[in-house]
Amino acid sequence: MIVRILYFARLRERFGLAEETLDVAGDSVADLIAQLQRRGGAWAEELGAGRPFRVAVDQDIVAPGAALPEGAEVAIFPPVTGG
């Protein structure tokens, strides 16, 4: 399934890209994250277990088990704090 992925803040800097279109081998956010982790390097480090990041699907923050609809816009970003 094809999705559009947007990266923000430190993730954009570490991965060296702001967005990409990806054919996901699975149907959940967890499947997408696992596929990105398999790229290794900064991908495995930044998206690894215990690392702070959030995922939104079509502008709604979701849990890892959330379904990915075909053509979804997925945003991956570090947690944001106010001040």
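Keep in mind it's a predicted model, so treat the numbers as computed, not measured. (Residues numbered from 1 in each chain as written. Predicted model: local features only at pLDDT ≥ 70, side-chain atom pairs only at ≥ 80, totals over all residues. Heavy atoms only, no water.)

## What to know about the overall build of the protein
Moving on, step 1. Within the protein, the secondary structure is distributed over three helices and five strands.
Moving on, step 2. Each helix (α) and strand (β) of the protein, taken in turn from the N terminus, gives the series β-α-β-α-α-β-β-β.
Moving on, step 3. Its C-alpha radius of gyration of 12 Å places the protein within 12% of the 12 Å reference for a compact globule of 83 residues.
Moving on, step 4. Counting over 83 residues, the protein shows a buried share of 39%.
Moving on, step 5. By sequence separation, contacts in the protein at least 24 residues apart represent 50% of the contacts at least 6 residues apart.
Moving on, step 6. Accessible surface, the protein as shown: approximately 4,600 Å² in total, 52% of it carbon and sulfur. (Helix = DSSP H or I, 4+ residues; strand = E, 2+ residues; numbered from the N terminus. Rg over C-alpha atoms; globule rule 2.2 N^0.38 Å. Buried < 20%, exposed > 50% of the residue type's maximum accessible area, 1.4 Å probe, protein only. Contact = heavy atoms within 4.5 Å. Areas by Shrake-Rupley, 256 points an atom, 1.4 Å probe, with all protein chains shown as cover.)

## Some remarks on the pattern of salt bridges
Moving on, step 1. According to the stated counting rule, one finds seven salt bridges in the structure shown.
Moving on, step 2. A salt bridge links Glu-73 to Arg-4, with the nearest nitrogen and oxygen atoms 3.1 Å apart. You can see Glu-73 sitting in strand 5 (residues 73-77) and its partner Arg-4 sitting in strand 1 (residues 2-7), a full 69 residues away along the chain.
Moving on, step 3. Residue Glu-73 is classed as partly exposed on the basis of its relative accessible area of 22%.
Moving on, step 4. Between Glu-46 and Arg-51 there is a salt bridge; the shortest N-O distance is 2.8 Å.
Moving on, step 5. Residue classification places Glu-46 among the buried residues on the basis of a relative accessible area of 2%.
Moving on, step 6. Taken together, the shared-partner salt bridges in this structure form one network comprising Arg-10, Arg-14, Glu-45, Glu-46 and Arg-51. (Salt bridge = Lys/Arg side-chain N within 4 Å of Asp/Glu carboxyl O.)

## Thoughts on the sheet that holds strand 2 (residues 19-23)
Moving on, step 1. Pairing is mixed in the open sheet, where five strands are placed in the order 2-1-5-3-4. Of all strands in the sheet, those bounded by a partner on one side alone are strand 2 and strand 4 (60-61). (Pairing = 2+ DSSP bridges.)

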